[in-house]
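So the chains spell out like this:
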Amino acid sequence: MRIAVLSGKGGTGKTLVSVNLAAASGKALYIDCDVEEPNGHLFFKPKNIQKEEITVPIPKIDPTLCSGCRACVDFCKFNALAYVRDNVIVFEEVCHSCGGCMLICPQKAITEREKSIGKIQKGVSGQVAVRTGVLNTGEATGIPIIKRLLFEIKSENKLPVFIDCPPGSACIVMESIKDADYCILVAEPTLFGVHNLSMVHELVKLFHKPYGAILNKCLDGENPSETFCEEQGIPILGRIPFDVELGALNSNAKIAAWEEGKYWVAFSYLLEAVTKEVRREATAYSQR
Ligand code: SF4
Ligand code: SF4
């Protein structure tokens with residue numbers, strides 16, 4: 001069971017949901033794909049950390065072979081190359097490591113070198129295996145880090161997996177949900193929350209992923225996100241009430257399900273609802 005947890009913007013409760021569902025699972029694998037701002041590890045405080053550097057290939061120009069034809073500069077769609085004062089300059093931060101310039105160079109003047117863009121960290125917290133991706137500041141894309149983080153779960157994995165996705169609906173989020181069996185959309189009870197929810201809703205529909213919503217910070221009275229779910233036929237997996245105590249635990253990077261019995265019960269119910277829905281979808285899929 002590979003569950004991706006998404007939200008249209010940060011601060012909606014995506015990490016609260018993914019961290020607590022993983023904690024309530026007992027044995028689980030929690031993967032933080034929010035590589036620009038990973039904070040799940042602050043909650044889990046994993047031990048026995050193993051680090052792995054993630055590198056990407058970057059073009060390296062041999063000026064003794066380069067004829068100055070500029071074919072590589074014209075080819076690069078990311079404007080990562082420029083020809084200045086008889087030299088090809090590489091802007092590493094915007095290079096997408098496609099390797100095209102190397103293939104196109106008629107003089108074979110371009111080779112590649114490895115450049116670090118960040119790292120992944122593996123550790124354990126109780127029975128939860130915790131994986132975190134960290135993108136170095138200023139790098140163009142965290143996709144290579146996410147690919148590496150999710151590489152191992154493509155093969156058989158017995159543990160339930162909770163993927164804490166980056167916020168929004170950009171390509172980095174698409175990469176995070178690609179191999180998920182089910183997507184949870186976390187939404188706030190405001191009109192702005194509806195706007196964010198509709199963005200991720202479009203994305204999961206595009207990827208033909210089964211999905212459901214968890215409504216966070218629910219208050220008495222009207223909830224525009226709930227209305228949106230009803231109108232769009234989005235199953236509501238659960239509602240987390242607006243709760244000062246829960247908010248305080250969360251701001252102090254505490255895992256509510258591990259701190260208080262009542263939250264353990266609440267997140268266990270939520271997990272049960274999610275698991276039931278994933279199984280229902282899996283059965284429906286096998287009968288199609
Ligand atoms: S394509 Fe090759 S030869 Fe032409 S400018 Fe680029 S590096 Fe130099
Ligand atoms: S590897 Fe691709 S993105 Fe990078 S400089 Fe070459 S053509 Fe541009």
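Since the structure is predicted, the reported quantities are computational estimates derived from the model, not experimental observations.

### Concerning the site of ligand 1
Point 1. As a structural note, the neighbourhood of ligand 1 is formed by 13 residues, with Cys66, Cys69, Arg70, Cys72 and Cys105 the closest of them.
Point 2. Each residue belonging to the shell around ligand 1 can be placed in one class, and the counts come to 9 nonpolar, 3 polar and 1 charged.

### Observations concerning helix α9 (residues 244–251)
Point 1. Near the N-terminus of α9, the side chain that reaches the backbone nitrogen of Glu245, with its oxygen 2.9 Å away, is that of Asp243.
Point 2. Directly beyond the C-terminal end of α9, a positive phi value near 55° is found at Ala253.

### Comments concerning the domain arrangement of the protein chain
Point 1. Domains assigned within the protein chain are domain 1 (2–54 + 117–286) and domain 2 (57–116).
Point 2. Once you take the C-alpha centre of each, domain 1 and domain 2 turn out to be 39 Å apart.
Point 3. Each side of the interface is counted separately: domain 1 has 8 residues, and domain 2 has 6 residues.
Point 4. Regarding the contact of domain 1 and domain 2, the summed buried area is about 470 Å², with carbon and sulfur atoms giving 44% of it.
Point 5. When the buried area of domain 1 at its contact with domain 2 is split by residue, Ile117, Glu139 and Ala140 rank highest and sum to 61% of it.
Point 6. Applying the counting rule to domain 1 against domain 2 returns 1 salt bridge.

### Examining the sheet that holds strand β8 (residues 161–164)
Point 1. An order of β3-β6-β7-β2-β8-β1-β9-β10-β11 is seen for the 9 strands of this open sheet, with the pairing classed as mixed. Taken across any chain shown, the strands that pair with only one partner, and hence form the sheet edges, are β3 (47–61) and β11 (236–241). Each strand axis lies, on average, 20° off the axis of its neighbour in the sheet, ignoring direction.
Point 2. Pairing geometry for strand β1 (residues 2–6) and strand β9 (residues 182–187), over 4 bridges, is parallel. By the bridge assignment for β9, Val5 is matched with Ile184.
Point 3. Most of the contacts of helix α5 (residues 143–154) go to strand β6 (residues 110–125), to which it runs at about 55°, and overall it touches β1, β2 (28–32), β3, β6, β7 (128–135) and β8.

### Considering the pattern of salt bridges
Point 1. Under the criterion given, the structure shown has 14 salt bridges.
Point 2. We note a salt bridge from Arg2 to Asp181, for which the minimum N-O separation is 3.1 Å. Here Arg2 is found in strand β1, whereas its partner Asp181 is found in the loop between α6 (171–177) and β9, with 179 residues between them in sequence.
Point 3. Since its relative accessible area comes to 22%, Arg2 is described here as partly exposed.
Point 4. One salt bridge connects Glu188 with Lys217, and the closest N-O pair in it is separated by 2.7 Å.

### Quick notes on the pairing of strand β5 (residues 87–90)
Point 1. Sheet topology note: the strand β4 (residues 81–84)/β5 ladder contains 4 bridges and is antiparallel. In the strand pairing of β5, Leu81 is matched with Val90.
Point 2. Taking the residues that link successive antiparallel strands as the turn, the β4-β5 hairpin has 2 residues, and the phi of Arg85 there is positive, at about 45°.

### Brief notes about the site of ligand 2
Point 1. Near ligand 2 you find Pro59, Phe75, Cys76, Phe78, Ala80, Leu81, Cys95, His96, Ser97, Cys98, Gly99 and Cys101, and these make up its full shell.
Point 2. Among the residues making up the shell around ligand 2, the classes are represented as 9 nonpolar, 3 polar and no charged.

### Description of the environment of Lys276
Point 1. For Lys276, the location among the structural elements is in helix α11 (residues 261–287).
Point 2. Sequence spacing of Lys276 and Asp220 is 56 residues, and the spatial spacing of their C-alpha atoms is 27 Å.

### What about the packing of helix α7 (residues 191–206) against helix α8 (residues 224–232)?
Point 1. For the pair α7 and α8, interaxial distance at closest approach is 8 Å and the crossing angle is 35°. Crossing angle aside, the handedness with which α7 passes α8 is right-handed. The residues of α8 that touch α7, namely those facing Leu191, Gly193, Val194, Leu197, Ser198 and His201, are Pro224, Ser225, Phe228, Cys229 and Gln232.
Point 2. Class assignment of the residues belonging to the contact of α7 with α8 gives a composition of 6 nonpolar, 5 polar and no charged.

### Points about the packing of aromatic side chains
Point 1. Inspection of every chain in the model, using the stated rule, returns 2 aromatic pairs.
Point 2. Ring centres of Tyr30 and Phe44 lie 5.1 Å apart, and the angle between their planes is 50°; on these two criteria the pair is classed as tilted. Of this pair, Tyr30 sits in strand β2 while Phe44 sits in helix α2 (residues 40–44), and the two are 14 residues apart along the sequence.
Point 3. Measuring from centroid to centroid gives 5.7 Å for Phe44 and Trp258, while their planes differ by 75°, and the two rings are edge-to-face. One end of the pair, Phe44, is in helix α2; the other, Trp258, is in helix α10 (residues 256–259), and 214 residues separate them in sequence.
Point 4. Overall, the relative accessible area of 3% leaves Phe44 in the buried class.
Point 5. One aromatic cluster is present, built from ring pairs that chain together Tyr30, Phe44 and Trp258.
Point 6. Lying over the aromatic face of Phe75, Lys77 brings its terminal NZ or CZ to 5.5 Å of the ring centre.

Quick notes on the rules
Residues numbered from 1 in each chain as written. Chains lettered and ligands numbered in written order. Predicted model: local features only at pLDDT ≥ 70, side-chain atom pairs only at ≥ 80, totals over all residues. Heavy atoms only, no water. Near = heavy atom within 4 Å. Nonpolar A, V, L, I, M, F, W, Y, C, P; charged D, E, K, R; others polar. Polar contact = N/O pair within 3.5 Å; in protein donor to acceptor, adjacent residues only side chain to side chain. Helix = DSSP H or I, 4+ residues; strand = E, 2+ residues; numbered from the N terminus. Domains from an automatic or database assignment. Contact = heavy atoms within 4.5 Å. Buried area = accessible area lost by both parts, 1.4 Å probe. Salt bridge = Lys/Arg side-chain N within 4 Å of Asp/Glu carboxyl O. Pairing = 2+ DSSP bridges. Axes fitted to C-alpha atoms, helices over the stretch in contact; angles between N-to-C directions. Buried < 20%, exposed > 50% of the residue type's maximum accessible area, 1.4 Å probe, protein only. Left-handed = near helix turned anticlockwise from the far one by under 90°. Phe/Tyr/Trp six-rings, centres within 6.5 Å; stacked < 30°, edge-to-face > 60°. Lys NZ or Arg CZ within 6 Å of the ring centre and 35° of its normal.

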